[in-house]
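# Chains, contacts and geometry: an overview
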Amino acid sequence: MPDVNWDHPPLRKEMAEVLKYWIEKGIDGFRLDAFIYIDVDKDLTEHPEETGPGQDLNENGGNIPYYLSEMNESIKEAGEDVFLVGEATSADAELEQWYTDLENNMVDKIITMQYFPEKEDEKDDAVPGDKQHAPLDLKAFKEVQKAFQAQEDKGAPAPFRTNHDTPPSLPP
């Protein structure tokens, strides 16, 4: 995914103009793909001891609330009630609450891959873990669902099992 510099005010202004264009065409909702990566540490140092995707190093940057709130203010200037759903694949219930809290003025709903915990120990070691599914961990699933459903005034979660970033889900 190409990076754009969200720190650059003219970029944010242009993105607001794009949203306003579509609102004027009658669109009343947007999906913000991978928005948790729009603010990354540009001085990110090397972490040779770290393995894996490094999500904890480049997700949920400190400027995201400012960028999303600014986007929402721009939408409100257009006089429209627009629904924003953000893809935050690693968001747990607490992070979902933070992103969707009305006082924070960021997004209306979160799409996350955390709704359906799998039995990771049942994956085939010969296949990369992110290229396969394992059976649903029903005990963990129950706890995860309780946590998401406990979020006040947010309505029901928006659960899904797969998307364009994951392998198709087939019954085990």
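Refer to the structure above for everything that follows.
The following refers to the structure shown. Predicted model only: the values in this text are computed from it and were never measured.

Moving on, we get to the overall build of the protein chain. Tallying secondary structure elements over the protein chain gives five helices and three strands in all. If you list the helices and strands of the protein chain from N to C, you get α-β-α-α-β-α-β-α. For the protein chain, the residues scored as buried account for 33% of the 172 residues in total. Sequence separation of 24 or more characterises 69% of the internal contacts of the protein chain that already satisfy a separation of 6 or more. As displayed, the protein chain has an accessible area near 11100 Å², and 52% of this comes from carbon and sulfur atoms.

Bringing helix 3 (residues 64-77) into the picture now. An ideal rise of 1.5 Å per residue puts 20 Å on 14 residues; helix 3 measures up with 20 Å between its terminal C-alpha atoms. Inspection of helix 3 places I64, Y67, L68, M71, N72, S74 and I75 among the buried residues, and these make up the whole buried set. Buried residues of helix 3, viewed axially, fall in a sector of 160 degrees; they line one side. Along its buried surface, helix 3 packs onto helix 1 (9-24), strand 1 (29-32), strand 2 (83-87) and helix 4 (93-100).

With that settled, the discussion passes to the pairing of strand 1. Of the two faces of strand 1, the one lined by F30 and L32 is fully buried and the one lined by G29 and R31 carries no buried residue. With four bridges connecting them, strand 1 and strand 2 associate as parallel partners. Bridging from a neighbouring strand, F30 pairs with L84 of strand 2.

What follows deals with the packing of helix 1 against helix 3. At a minimum axis distance of 10 Å, the contact between helix 1 and helix 3 shows a crossing angle of 40 degrees. Put simply, helix 1 runs oblique to helix 3. For the pair helix 1 and helix 3, the crossing hand works out as right-handed. For the pair helix 1 and helix 3, contact is made by R12, A16, L19, K20 and I23 and by Y66, Y67, E70, M71, S74, I75 and E77, respectively. Taken together, the residues that form the contact of helix 1 with helix 3 break down as seven nonpolar, one polar and four charged.

What follows covers the sheet that holds strand 3 (residues 109-111). Reading across from one edge, 1-2-3 is the order of the three strands in this open sheet, with parallel pairing throughout. If you trace the sheet from one side to the other, it starts and ends with strand 1 and strand 3, each paired once. Within the sheet, the average angular offset between the axes of one strand and its neighbour, ignoring direction, is 20 degrees.

Rules and cut-offs
- Residues numbered from 1 in each chain as written.
- Predicted model: local features only at pLDDT ≥ 70, side-chain atom pairs only at ≥ 80, totals over all residues.
- Heavy atoms only, no water.
- Helix = DSSP H or I, 4+ residues; strand = E, 2+ residues; numbered from the N terminus.
- Buried < 20%, exposed > 50% of the residue type's maximum accessible area, 1.4 Å probe, protein only.
- Contact = heavy atoms within 4.5 Å.
- Areas by Shrake-Rupley, 256 points an atom, 1.4 Å probe, with all protein chains shown as cover.
- Expected span 1.5 Å × (residues − 1).
- Arc of directions from axis to C-beta.
- Pairing = 2+ DSSP bridges.
- Axes fitted to C-alpha atoms, helices over the stretch in contact; angles between N-to-C directions.
- Parallel < 35°, antiparallel > 145°, perpendicular 65-115°, else oblique.
- Left-handed = near helix turned anticlockwise from the far one by under 90°.
- Nonpolar A, V, L, I, M, F, W, Y, C, P; charged D, E, K, R; others polar.

Honestly, it's all geometry; don't read function into it.
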